[in-house]
Amino acid sequence: MATLALTCSLPLQPPSASSQSQSRKLVDTILSTPAQYSSSSSNSYGSLKPIVVNGDPPTFVSAPGRRIVAVGDLHGDLDKARGALETAGVLSSDGQDFWIGGETVLIQLGDILDRGEDELAILSLLKSLDIQAKAHGGAVFQRQKGVIARSILMRPGGPLACELARHGVVLKVDDWLFCHGGLLPHHVAYGLERLNREVSQWMKGPSEADDSPQMPFIATRGYDSIVWNRLYSRDSDLEDYQIEQIQSLLEETLQTVGAKAMVVGHTPQPMGVNCKYDCSIWRIDVGMSSGVLGSSPEVLEIRDNKARALRSTRDWSSELQVADYT
């Protein structure tokens, strides 16, 4: 499982004794499980060919014949996270948190943290699903986003930072690219495995080999970094020539890495999961968290290289009070 969980830092309220105890249990759960994938590892189950993972953190994945589902930003909302995973057909709806996705490959695009109180619970749930999925021939991957600075646990070198360091900022599964904000030609030229490796090394903190690892600016900082880029998610105030330029950049990026399309999160889409530029970019952050737009969960399903949006049929409006930002 690869996980995107780097995020902007926000001030935390002083925790109560009970919440500290609960958080400690969740942290222990997350950290007590060994890593599931290493460079060039594979797993097989049933009649499908094995999933082959290359890179450390995982960067290139071959998943022949698998159904792929991608989930966007969760922002600390466990109820919506469960709703999204149920909509994706990988989580049981009985509250037992069983993996029911079989050989499905699940990819979560990041922003698990911020704006909600269930961050560690979501990380723990995804870790559990990762273990269960592997036993059934499936897989769970998460992408990294932003800068972790929320507590000592998540500082570079901290326990959770080291756990999250197993997950990169970009992932290619068969013909599809997955990242939080968007990949550009200069990111590809820099090297996808190099980007993932440098982010991972920075999160792990100082080591004997490198006593002062530098934050990889090209991946995590700047308006055109992989995790902050909104170029492919903007629709308003664009002239025709700008649209052509953006499409040209997207086509160049995809062609260079041999991908059919890119899937991104980061920028809430009020109209729901959608595609642009001849469906070579899919935008799947629907702002589902109650701390963002409070939208109903939606996910992207990819079967036989064809993508479609899956929407939750649950009536969330009767359960949530959604803030009106207009």
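As shown above, the structure is provided for reference.
Every value quoted in this text rests on a predicted model; they were computed, and no experiment measured them.

## What to know about the overall build of the chain
- For the chain, the count of helices and strands is eight helices and 13 strands.
- Looking at the chain residue by residue over its 326 residues, the buried ones come to 53%.
- The long-range fraction of contacts in the chain, counting pairs at least 24 apart against all pairs at least 6 apart in sequence, stands at 69%.
- Accessible surface for the chain amounts to roughly 14,300 Å². Of this, 49% is attributable to carbon and sulfur atoms.

## Considerations on helix α3 (residues 119–135)
- Here α3 spans 25 Å end to end across 17 residues, near enough to the 24 Å set by a 1.5 Å rise per residue.
- Taken across its 17 residues, α3 has 13 buried, putting it largely inside the fold.
- A positive phi of about 90° marks G137, the residue just after α3.

## Section: the environment of I131
- Residue placement: I131 occurs in helix α3.
- Under the relative-accessibility criterion, I131 is labelled partly exposed at 35%.
- With 32 residues separating them along the chain, I131 and W99 place their C-alpha atoms 9.1 Å apart.

## What to know about the pattern of salt bridges
- For the structure on display, the rule yields 10 salt bridges.
- A salt bridge links R66 to E103, with the shortest nitrogen-to-oxygen separation between them at 3.9 Å. Taken together, the positions of R66 in the loop between β3 (60–62) and β4 (68–71) and E103 in the loop between α2 (78–87) and β5 (105–108) put the pair 37 residues apart, joining distant regions of the chain.
- For R314, the salt bridge goes to D79, with nearest N and O atoms at 3.4 Å. Of this pair, R314 sits in the segment after β13 (306–311) while D79 sits in helix α2, and the two are 235 residues apart along the sequence.
- A relative accessible area of 33% places D79 in the partly exposed class.

Cut-offs used in this document
Residues numbered from 1 in each chain as written. Predicted model: local features only at pLDDT ≥ 70, side-chain atom pairs only at ≥ 80, totals over all residues. Heavy atoms only, no water. Helix = DSSP H or I, 4+ residues; strand = E, 2+ residues; numbered from the N terminus. Buried < 20%, exposed > 50% of the residue type's maximum accessible area, 1.4 Å probe, protein only. Contact = heavy atoms within 4.5 Å. Areas by Shrake-Rupley, 256 points an atom, 1.4 Å probe, with all protein chains shown as cover. Expected span 1.5 Å × (residues − 1). Salt bridge = Lys/Arg side-chain N within 4 Å of Asp/Glu carboxyl O.

So yeah, pure geometry; function would need other evidence.
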